[in-house]
Amino acid sequence: MLKTLLLTTTALALGLALAAPAGAQTTIRLVSKDLLSSNPPDVAHIERIEEALRAQGTDLDIQIVDLPSSGYADALGTMLLSGDIPDLIYFQGGDAKMADQGILEDLNPWIEQSPNLKAALWPHNVERLSNYPYLLYIFPPRAPQPVVRKDWLDQLGMAPPQTVEEYEAFFRAIHEADLDGDGTPGNTYGVTTAENTNELDSIFNQAFGITGTWMQDEAGEWVHARTTTQERDKIAWYAKLAAEGLYDKEYVTSKFDVKEDKFYTGRAGVIFGSSAEVIDIYGGKMRQAHPGEDIELALLPIPSGPGGQGLQAVDVSKEARGFAISSLSEHKAEVAKLLDFVASTEGQMLDRMGFEGEEYTKDGDSYAITDKMSTWYARFFAAANFTPPVEWKSEAAQQSLENVQTWFKPDNAFVWPAEYAADLDATENVYRAWVYKFISGEAPMEQWDQFVAEWKAAGGERLNQYARTVLGS
Ligand SMILES: [Ca+2]
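Colleague: If you had to explain the overall build of the chain to someone new, which residues and values would you point to?
Modeller: Each helix and strand in the chain was counted, giving 18 helices and 14 strands. Taken across its 473 residues, the chain has 49% of its residues classed as buried. For the chain, long-range pairs separated by at least 24 residues make up 73% of all intrachain contacts whose partners lie at least 6 apart in sequence. Of the roughly 21,800 Å² of accessible surface on the chain, a fraction of 51% belongs to carbon and sulfur atoms. Looking at the chain, you have 38 positive and 71 negative side-chain charges, and the mean spots of the two groups are 1 Å apart.

See below:
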């Protein structure tokens, strides 16, 4: 037995020696948030990535640089400014300053040479990389999408709404029925949101023709979309829904837990989940709230409307976070190989699925997910083109990810110079306050022009003028 083992080990060592000549090992240093040399799963994960790369002929010693999770961005900035610059750096802010210093590599040529990385990109990644080539963050964008209890959908006997009009009819049907079964029809909202109308905007902006942050008015001049007639028509529709009890006016004081609670207790029929994971958390909590009922959630379609169809335009000015390669690194090609590997099917099997016997079990070609999967997270990427060997996400969650690709629209938002911060704050406050006045019925829609004037006076005119210099004509 021992002899066999020794022979095997020797054969393995010989095999490795052939694949990577002695002395060819390259050390690369990696700093990432929540990736720690004191966390055994992190270490084991990095080690098996090294092993897999070695089998492909790239012999890396990947050293984890430890930084605290709390205050990570500041700690990273201090380390980099001291001249300690790892080969591969995860940023969560503070990257633009470093890019200005010239220490971040333009990633586009590397991606061009890395077939797995290239194929793993989500549509918004491609756009962001073309505007700002220093950060790579391969995860789906946050895009709130509406869900409803499948049994409620069945009870209503209606087809899922495909248009703005059908959504209104759908919200009304929920409101007028007594789906929560408390004996009182009319005490369930069609839809509720948390804090503001952003979640509704996620699917209704494009439907009303609000194509991006900046739009051209009748005269062909760039204006902020929030002051357009398309926005006015959308807010008027939200206000109509609210006036008829279809949309919950109390959104303005609802935190996310309140929004969720209204959904689980049947006081609202539709809420929005910001990601596939969140949609499945909502499904799990709904089942917990109704033991023995085995409730599934259904994802509702992205509606078409008078102005178009799609998910709200995604800011593509740059990634807000992600991995960067140091332009000072002597091992950029090896770092690129590492990134290309984690984006590959083999790499994604490790990074997305966790460990066999921990996050999943395997019997022949058959995989099963364990409870531990709920706390596993990808250390690197969630490739757009990776299909796991066993699906644990609900149909609703999977469909939401497909929608993110199908209905992606790039925004024309840009990065503001710091001097506009006060104008941005002030105009945001004016907008939120007026939207609530319109939706609550405190202000009639006839006062729209008054809102626009106030928005411009609060700094909006300056924003418009600057936008025109950026976007041209
Ligand atoms: Ca009821």
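Colleague: Talk me through the packing of helix α12 (residues 256-264) against helix α13 (residues 276-289); I want residue IDs and the actual numbers.
Modeller: Remark: α12 packs on α13, axes separated minimally by 10 Å, with the N-to-C direction vectors making an angle of 55 degrees. Of the possible angle classes, the one that applies to α12 and α13 is oblique. Relative to α13, the crossing made by α12 is right-handed. Across from F256, K259, E260, F263 and Y264 in α12, the residues of α13 making contact are Y282, K285, M286 and A289. Of the residues that constitute the contact of α12 with α13, the class distribution is 6 nonpolar, no polar and 3 charged.

Colleague: So what's going on with the sheet that holds strand β1 (residues 26-31)? Which residues, and what values?
Modeller: On the basis of which strands lie adjacent, the open sheet formed by 4 strands has the order β2-β1-β3-β12 and mixed pairing. Each having just a single partner strand, β2 (60-65) and β12 (322-325) make up the two edges of the open sheet. The mean inter-strand angle of the sheet, taken between neighbouring strand axes irrespective of direction, is 25 degrees. Sheet analysis places strand β3 (residues 88-91) next to β12, joined by 4 bridges and oriented antiparallel. Residue L88 lies in a different strand from β12, and its bridge partner there is I325.

Colleague: Go over the coordination of the calcium ion with me, naming the residues and quoting the values.
Modeller: A four-donor tetrahedral metal ideally has 109.5 degree angles, and a six-donor octahedral metal ideally has angles of 90 or 180 degrees. Protein coordination at the calcium ion: the donors are D178 (OD), D180 (OD), D182 (OD), T184 (O) and N187 (OD1), at 2.2 to 2.4 Å from the metal. In the primary sequence, the donor residues of the calcium ion line up as D-x1-D-x1-D-x1-T-x2-N. By relative accessible area, D178 is classed as partly exposed at 26%. Of the residues examined, N187 reaches a relative accessible area of 31% and is grouped as partly exposed.

What counts and what doesn't
Residues numbered from 1 in each chain as written. Predicted model: local features only at pLDDT ≥ 70, side-chain atom pairs only at ≥ 80, totals over all residues. Heavy atoms only, no water. Helix = DSSP H or I, 4+ residues; strand = E, 2+ residues; numbered from the N terminus. Buried < 20%, exposed > 50% of the residue type's maximum accessible area, 1.4 Å probe, protein only. Contact = heavy atoms within 4.5 Å. Areas by Shrake-Rupley, 256 points an atom, 1.4 Å probe, with all protein chains shown as cover. Lys, Arg positive; Asp, Glu negative; His and termini not counted. Charge placed at Lys NZ, Arg CZ, Asp CG, Glu CD. Axes fitted to C-alpha atoms, helices over the stretch in contact; angles between N-to-C directions. Parallel < 35°, antiparallel > 145°, perpendicular 65-115°, else oblique. Left-handed = near helix turned anticlockwise from the far one by under 90°. Nonpolar A, V, L, I, M, F, W, Y, C, P; charged D, E, K, R; others polar. Pairing = 2+ DSSP bridges. Donors = N, O, S within 2.8 Å, 3.2 Å for Na, K, Ca; no water.

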